[in-house]
Every structure is written in structure tokens, then in C-alpha cells.
Amino acid sequence: MSEVTQATAETKEASEKKQSPFKNGKVNWHRCHVDRAVMKELMKQSNVRPLIHVMTQLGLTMLSGALSWYILVHIDLANWFWTIPLLALALFVHGTFYSFMGAGGPVHELSHKTAFKSKALNEFILQVYSLLSYADYIGFRASHVRHHQVTVHKDYDGEVVLPQSVDKKTFIRAFFPLYTSFKWAWISTWIRAKGETLNDWERKVVDEGAPGLKERQTKWARTILIGHSLIIVAYILAAFLVHWSFLVLFFLITAAPHLNWWLALLCGFPQHVGLTPNSRDFRLCCRTYTVSWLPRLLYWHMNYHVEHHMYPGVPFYNLGRLREAMKADLPPCEKGLWNTWKEIMETVKRQKEDPNYVFLPLIPEGSEKHLEDSEISVAETEGIEAPGIPA
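Residues numbered from 1 in each chain as written. Predicted model: local features only at pLDDT ≥ 70, side-chain atom pairs only at ≥ 80, totals over all residues. Heavy atoms only, no water.

### Let's talk about unusual backbone geometry
1) Next: That bond from L162 to P163 is cis: its omega, 0 degrees, falls within 30 degrees of zero.
2) Next: Counting through the fold element by element, P163 comes out in the loop between helix 8 (137-149) and helix 9 (168-175).
3) Next: Positive phi outside glycine occurs at V152, with the angle close to 45 degrees.
4) Next: Residue placement: V152 occurs in the loop between helix 8 and helix 9.
5) Next: With phi around 60 degrees, N278 is a residue other than glycine that occupies positive phi space.
6) Next: Along the polypeptide, N278 turns up in the loop between helix 14 (262-268) and helix 15 (282-285).
7) Next: N278 gets classed as partly exposed once you look at its relative accessible area, which sits at 23%. (Helix = DSSP H or I, 4+ residues; strand = E, 2+ residues; numbered from the N terminus. Buried < 20%, exposed > 50% of the residue type's maximum accessible area, 1.4 Å probe, protein only.)

### A look at the pairing of strand 1 (residues 29-32)
1) Next: Burial along strand 1 is two-sided: W29 and R31 and H30 and C32, pointing in opposite directions, are all buried.
2) Next: Here strand 1 pairs with strand 4 (residues 371-374) via 4 bridges, running antiparallel. Note on strand 4: the bridge partner recorded for W29 is S374. (Pairing = 2+ DSSP bridges.)

### A short note on the pattern of salt bridges
1) Next: Counting across every chain of the model gives 11 salt bridges.
2) Next: A salt bridge links E343 to R287; the shortest N-O distance between them is 2.9 Å. Linking E343 in helix 19 (residues 336-353) with R287 in the loop between helix 15 and strand 2 (289-290), this pair joins segments that are 56 residues apart in sequence. Here the two residues E343 and R287 agree in accessibility, since each one is buried.
3) Next: E307 is the partner of R323 in a salt bridge, and the nearest nitrogen-oxygen pair spans 2.6 Å. With a gap of 16 residues between them, R323 in helix 18 (residues 319-325) and E307 in helix 17 (residues 305-310) connect regions that are remote in the sequence. A single burial state applies to R323 and to E307, both of which are buried.
4) Next: Beyond isolated ion pairs, a larger network of salt bridges with shared partners links D136, R192 and E202. (Salt bridge = Lys/Arg side-chain N within 4 Å of Asp/Glu carboxyl O.)

### Describing empty space enclosed by the protein
Left-over empty space is what a probe sized like a water molecule reveals as it rolls over the atoms.
1) Next: Tallied over the full model, the rule gives 3 cavities of 30 Å³ or more.
2) Next: Roughly 140 Å³ of internal volume is contained in the largest cavity.
3) Next: Class assignment of the residues belonging to the lining of the largest cavity gives a composition of 10 nonpolar, 1 polar and 6 charged.
4) Next: Taken as a whole, the second largest cavity spans an internal volume of roughly 40 Å³.
5) Next: Elements represented by at least two residues in the lining of the second largest cavity include exactly helix 10 (178-193) and helix 12 (213-241).
6) Next: Examining the composition of the lining of the second largest cavity, we find that 4 residues originate from one element, helix 12, more than from any other.
7) Next: Residue composition of the lining of the second largest cavity, grouped by class: 5 nonpolar, 2 polar and 2 charged. (1 Å grid on protein atoms, 1.4 Å probe; cavity = no way out; pocket = protein on both sides within 12 Å on 5 of 7 lines; lining within 4 Å. Points joined across faces, edges and corners; volume = space filled by probe spheres on them. Nonpolar A, V, L, I, M, F, W, Y, C, P; charged D, E, K, R; others polar.)

### Brief notes about the layout of surface pockets
1) Next: Quantified by volume, the largest pocket comes out at close to 1600 Å³.
2) Next: Lining the largest pocket are 45 residues; nearest its centre among them are G102, A103, G104, A135 and F140.
3) Next: Of all the secondary-structure elements, those providing two or more residues to the lining of the largest pocket are helix 6 (106-111), helix 8, helix 10, helix 11 (200-207) and helix 14.
4) Next: Across the lining of the largest pocket, the residue classes break down as 21 nonpolar, 20 polar and 4 charged.

### Describing the packing of helix 10 against helix 12
1) Next: At a minimum axis separation of 7 Å, helix 10 and helix 12 run at an interaxial angle of 130 degrees. By the angle between their axes, helix 10 is oblique relative to helix 12. Every pair of crossing elements has a handedness; the one defined by helix 10 and helix 12 is left-handed. Here W186, T189, W190, R192 and A193 of helix 10 lie close against helix 12, whose contacting residues are Q217, T218, A221, R222, I224, L225, H228, S229 and I232.
2) Next: A class-by-class count of the residues in the contact of helix 10 with helix 12 yields 7 nonpolar, 5 polar and 2 charged. (Axes fitted to C-alpha atoms, helices over the stretch in contact; angles between N-to-C directions. Parallel < 35°, antiparallel > 145°, perpendicular 65-115°, else oblique. Left-handed = near helix turned anticlockwise from the far one by under 90°. Contact = heavy atoms within 4.5 Å.)

### Observations regarding the packing of aromatic side chains
1) Next: Tallied over the entire structure, the rule returns 17 aromatic pairs.
2) Next: Relative to F175, the ring of F92 lies with its centre 6.1 Å away and its plane at 5 degrees, an arrangement referred to as stacked. Pair noted here: F92 is in helix 5 (residues 80-98) and F175 is in helix 9, with a separation of 83 residues, a long-range link.
3) Next: For F92, a relative accessible area of 28% corresponds to the partly exposed category.
4) Next: Considering the side-chain rings of F316 and Y317, the 5.0 Å spacing of their centres and the 70 degrees angle between planes classify their relative orientation as edge-to-face. (Phe/Tyr/Trp six-rings, centres within 6.5 Å; stacked < 30°, edge-to-face > 60°.)

### A few points about helix 7 (residues 119-133)
1) Next: Helix length check: helix 7 (15 residues) gives 21 Å between terminal C-alpha atoms against 21 Å at 1.5 Å per residue, within 8%.
2) Next: Along helix 7, the positions that sit buried rather than exposed are N122, E123, I125, L126, Y129, S130 and S133.
3) Next: Each element contacted by the buried residues of helix 7 is listed here: helix 4 (48-73), helix 6, helix 8 and helix 12.
4) Next: Just past helix 7, the residue Y134 takes up positive phi, approximately 65 degrees. (Expected span 1.5 Å × (residues − 1).)

### Re helix 11
1) Next: Of the positions making up helix 11, those classed as buried are W201, E202, V205 and V206. Down the axis, helix 11 shows its buried residues gathered within 100 degrees of arc, on one side only.
2) Next: The secondary structure elements touched by the buried residues of helix 11 are helix 8, helix 10 and helix 12.
3) Next: For helix 11, the side-chain oxygen to backbone nitrogen distance between the N-cap and W201 is 3.3 Å, and the N-cap itself is N199. (Arc of directions from axis to C-beta. Polar contact = N/O pair within 3.5 Å; in protein donor to acceptor, adjacent residues only side chain to side chain.)

The following block contains the structure:
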């Protein structure tokens, strides 16, 4: 697929000439036709399926944490030479699982309000995940709605700006991010807790957003600081009063989101990198790939990214079925992270040589006949059947 596609690739300017321009602050998106009855079925939400998903993800994370704790308390002078490396490995696995607790997993999907049929349950679990991962779900939700409406349109989408780059330093930081990532989590949360803003994009989508949004963001930042401070005090007291090993909770909870994010990077970065900006065809500006069950579970099925952007109201657990419903009109996707990243690295390398180069997926011939045009509404990003869904 990669060789055929790249052989037919065009420059960024040539590609953009074929796309309708950005008009009146909105994009009239091309979306593949899906039968109305099929779409109605795909839009159905559940409480059981996402709850099983949550319990599985949290269960794996708790299991890796419990294993780390167990190894720690059994280290002694007779076995330290193999138990300490084993502890490091267990913490590495725990950090890998925990790195998907934030916006790279549940916070993203739960912010769409599409995962659970019960909106109250959706919001509660969103806040639990956001607290554990230091995530500003208030600001993220405001930003992400805009991202869906104007995906990678220059000067309008501040969440993802193309072109993106990746190099060896990116991967090194992904394996050893603890100090800088942990420090920034607390600094950024403290800034928001004071009612201040991190950057111009946040100012645009939060400060200038819906009434009361800034106040809610500030309140949530303070909740994060107070919540984690209480957790720290609790396990320090437990270490003095019960057993010293409670201090390991610093790595299992407080610093856990920052132990590593190598797999989160491998899963999340492919979304838009190397693709066409200022296009109104999600097949050209988003990337779908297939992956095994574990990364798919941790990543909440967001490897189906073309499908997610085309119909953001479809719950994550139905995205695979959505792809099947419009597969004839979609470009073929890479199988596995290895092939996906091979494609990405080749694209990034070519973009360094030619800044106008973009990767163009192989669009099925005749698929234009099955496209329907509509804008992405705020209601649709929240899983509400609203005008503008051509189903």
C-alpha cells in the first residue's frame, strides 16, 4: 500500500487545490454514506460494554501496580540482584498501562459523551480518569469539539497543527519522561488553578468560550491539586503508621502517568501526522490502522480515526463495525504499529526534504459518488442525533 500510495502522492498545494476552501468559519465535510438504519444501530449507546472496558483497563493497571508492590516488599540482600530489575520492569509495565488513563484514551472518548448511555455515569468516570491522570477535561472538551469541526485547518485548529515531526529525541523522551512530564503536570495545573491560561489556543476555546467555562476549568484544576495532595498525605501517613512500602504509591499513582508513554505515543501520534491539512476529506487528513486487542483496548479503539472523525457520534466500541459499513469507500489501512510507523517515518523523512509533501492514501475509484457533505455540529461530537448527520 505504502509504495503505491507514495508513488501517486502530490504536493500539498496541488492537493489543496482540489479541496473546497475553508468558508465562513465552518467546513462542509465529505462523509461516506452509511445507510440510515445501520447508522441508527451504530449510534446506540450501552452502559454494560463501556463498563466492562473500564473495569478491564483499570484491572490491568491495578494488577501491574499490585505486582510492583509485591516485588518491592520481597526484595532483600539475598535476591536484590534480580528482584530490583524485576521491580523496574513491573513499574515500566504499570507506567505503560497508566499512560492511557488520560486524553490518550478514556478522557478523550468520555469527553465526547458517547461511551455510556447514562450521561451521569459517563461524567463520573470521566472525572475519575481525569483526576488520576491530571487531565483538564474541561479545556480538552472545548478544544476537541473545535478540532473535530475544523480538523487540521491552518489557523483554525490549534489542537493539531500540521506538519508534525518526530525524531529519536521524541522516542527517548517517551521512555524517560518522568521529571519533565511530572513537573509540567503540576505547573500547568497550578497555572489553571489560579485562573490563568496556558496559551493562545486555550484562551480562545476556554476564556472566550461558553459562559462559566473558565470558572469550571479553574475549579477542576484546584480539585486535581487538592485530590493528589490528599493522596500524597494519605500514603505518607500510612508509611509511618502501617508499613514503609506505602511510599511506592508515589510511583503507582502520583507519578504513574509520567513513568513512560512510549506505547501511547506509538498509538496516538499516527492520527494526523504526515497527512493533508486544509482538506475537507477525512480520508486525507486522518489515519486508520489496525492493531492487536491490548493496544486497541488501552487506546479505546481510536486507531479507527478516519471513522471517528467522520461520525464522532458513534461510540468507540462500534467504530470497527462503522468501518465495515463504509469500507468500500475508505482507503486501505496499514496492519499493525510496525507498518504504520514505517509509513510515518518515510513520510516525515520526505517532508524534511520537501516541506510541501504530504502522504495521500489510496482513495477507492468511484467512491466520490457515495460522499455526502455536512458540517460537524457540537451536538454530534457529543453523541446526540442532530441535523447534519447524513445517515
